[in-house]
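One-letter residues, chain by chain:
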Amino acid sequence: MTRPHILVTADPIDGLRSVEEIRRNIRSGHAKRLWESQLTLANEELKRSPYEPGDIFPGRDLMSARHANRDYTIVHRAGTRTLRAALACLITEDTRYRDDALAQMEALFDTNRWPEWRDLAHTGMNIDLRAGQLSRSLSLAYDWLHPFISPDQRQSIVDGIDRCGIQPYLKDVADGVGWANGTNNWMTCVVGGHGIAGLALGEDHPRSKELVDYAHPRLNAYFDNYGPEGEFNESVSYANAHALP
């Protein structure tokens, strides 16, 4: 498999963006402004240590930080930082961004720093929405970083995603948790997130096909939960969870 191969591709593929196409497109217009905004954030994050559950920053709930909770805000920060740094490395070939992504991954895999990929509010299961977020982001980052990391680094990342996200996910599925066949945003985030992880990791993980095969029919059926004008069975405040599906 030629990498990267998902969302951003090493070779030109109809319907997807190759690395070279992105490099050309970010020279002008909206793509240039968007790219520069992301690169600015990536450069700012080069200056700070990896995110951990107890971190405080604007918009972070102080109670969650005090309890080192893995709430949405800190998980989103850590996952997006990893993904953005991996993309910056892929486009610029500047290995400072690779090192930043690897440092954030290392923190996420360290159970002393990130005890688990689960919100303290979600009990009675091994993982939750947070593992869906992180397995997705880190697997995509892995694919984008692939040309810039060693075989040992690749294996370490695959092992970390497997241990922290995939294995707890598969155990919950085997235990028959309700969200595995649910009709809310857990389906898109947890089942969909691990399906994307399977696509991104590909042949580098022995159960990738299983992750994809489990997610695919469930997400296809998920569209039946929408009304003709996009109506859904959750509150208006959850609308963002369904923008992409």
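Anything mentioned here points back to the structure above.
What comes next is a walk through the structure. Along each chain, numbering runs from 1 in the same order as the chain's sequence is written. Side-chain atom pairs in this predicted model are given and counted only at pLDDT of 80 or more, local residue features only at pLDDT of at least 70, and totals for whole chains, interfaces and linings cover all residues. Computation of side-chain values covers all heavy atoms of the structure but excludes hydrogens and water.

Focus: the overall build of the protein chain
How we decide: Each helix is a run of H or I in the DSSP string that is no shorter than four residues. Each strand is a run of E no shorter than two, and both are numbered from the N terminus. Atoms counted for the radius of gyration: C-alpha only. Globule rule: 2.2 Å times the number of residues to the power 0.38. A contact between two residues is defined here by any heavy atoms of the two lying within 4.5 Å. Residue-level accessible areas treat just the shown protein chains as cover; the underlying method is Shrake-Rupley with a 1.4 Å probe. Asp and Glu count as negative and Lys and Arg as positive, but His and the ends of the chain are not part of the count. A charged residue contributes its charge at one atom only: NZ of Lys, CZ of Arg, CG of Asp or CD of Glu.
Counting its secondary structure elements, the protein chain contains 9 helices and 3 strands. Mapped in sequence order, the helices and strands of the protein chain form the string β-β-β-α-α-α-α-α-α-α-α-α. Over its C-alpha atoms the protein chain spans a radius of gyration of 18 Å, differing by no more than 12% from the 18 Å that the globule rule assigns to 245 residues. Sequence-distant contacts in the protein chain: of pairs separated by 6 or more residues, those separated by 24 or more amount to 64%. Just so you have it, the protein chain exposes about 12,400 Å², and 52% of that area is on carbon and sulfur atoms. Here the protein chain carries 27 positive and 34 negative side-chain charges, and the mean point of each set is 5 Å from the other.

Observations regarding the environment of G178
Condition: Buried means the residue's accessible area, taken with a 1.4 Å probe over protein chains only, is under 20% of the maximum for its type, while exposed means over 50%, and partly exposed covers the values in between.
Mapped onto the secondary structure, G178 falls in the loop between α7 (151-174) and α8 (185-201). By relative accessible area, G178 is classed as exposed at 59%. Along the chain, G178 and E36 lie 142 residues apart, while their C-alpha atoms are 42 Å from each other.

A word on the pattern of salt bridges
Worth spelling out the cut-off: Every case where a carboxyl oxygen of Asp or Glu lies within 4 Å of a side-chain nitrogen of Lys or Arg is listed as a salt bridge.
Per the counting criterion, the structure on display carries 18 salt bridges. A salt bridge links R84 to E45, with the shortest nitrogen-to-oxygen separation between them at 3.2 Å. Note that R84 is positioned in helix α4 (residues 72-92) and E45 in helix α2 (residues 29-45), a separation of 39 residues in sequence. Judged by its relative accessible area of 8%, E45 is buried. Through salt bridges with shared partners, a single network forms among R3, D143 and D204.

Some details on the nonpolar core
Most often, soluble globular proteins keep nonpolar side chains buried together rather than apart. Rule in force here: Only buried residues count toward a nonpolar core, which is a set of Ala, Val, Leu, Ile, Met, Phe, Trp, Tyr and Cys residues joined through side-chain atoms within 4.5 Å.
Within the largest apolar cluster, 60 residues are counted, with the highest numbers of intra-cluster contacts made by F109, W117, L138, L145, I157, Y169 and W179. Breaking this core down by element, the ones donating at least two residues are α1 (19-25), α2, α4, α5 (95-109), α6 (129-145), α7, α8 and α9 (208-222). Looking at this core element by element, the count peaks at 9 residues for α4. Those residues in contact with Y169 that sit more than four places away from it in its chain are I127, W179, V190, V191, H194, L211 and Y214.

A look at the packing of α5 against α6
Test applied: To obtain each axis, a line is fitted to C-alpha atoms, and for helices this fit is confined to the stretch in contact; angles are then taken between N-to-C directions over 0 to 180 degrees. If you view the pair so one helix is near and one far, a crossing is left-handed when the near helix is turned anticlockwise from the far one by less than a right angle, and right-handed when it is turned clockwise. Under the convention adopted here, Pro, Cys and the residues Ala, Val, Leu, Ile, Met, Phe, Trp and Tyr are nonpolar, Asp, Glu, Lys and Arg are charged, and Gly plus all remaining residues are polar.
Here α5 crosses α6 at 145 degrees, and the two axes come no closer than 11 Å. Read as a crossing pair, α5 and α6 show a hand that is left-handed. In contact with R98, A101, L102, M105, L108 and F109 of α5, α6 contributes L134, L138, A141, Y142 and L145. Of the residues belonging to the contact of α5 with α6, the class tally is 10 nonpolar, no polar and 1 charged.

Some words on α7
The condition is simple: Note on bend: at a given residue it equals the angle between the axes fitted to the 7 residues ending there and to the 7 starting there.
Maximal helix bending in α7 amounts to about 45 degrees, located at D162. Phi turns positive one or two residues past the end of α7, at G176, with a value near 80 degrees.

Observations regarding the packing of aromatic side chains
Two aromatic rings, taken as a pair, are described by how far apart their centres are and by the angle between their planes. Counted only if it meets this: Any pair of Phe, Tyr and Trp rings, taking the six-membered ring for Trp, is counted once the centres come within 6.5 Å. Such a pair is stacked with planes under 30 degrees apart, edge-to-face with planes over 60 apart, and tilted for the rest. Geometrically, a lysine NZ or arginine CZ counts as sitting over a ring once it is within 6 Å of the ring centre and also within 35 degrees of the ring normal.
Across all of its chains, the model carries 5 aromatic pairs by this definition. Plain terms: the ring middles of W179 and W186 are 6.2 Å apart, the flat faces sit at 35 degrees to each other, and that makes the pair tilted. Overall, the relative accessible area of 14% leaves W186 in the buried class. Over the ring of F57 we find R77, and its NZ or CZ is 4.0 Å from the ring centre.

So yeah, pure geometry; function would need other evidence.
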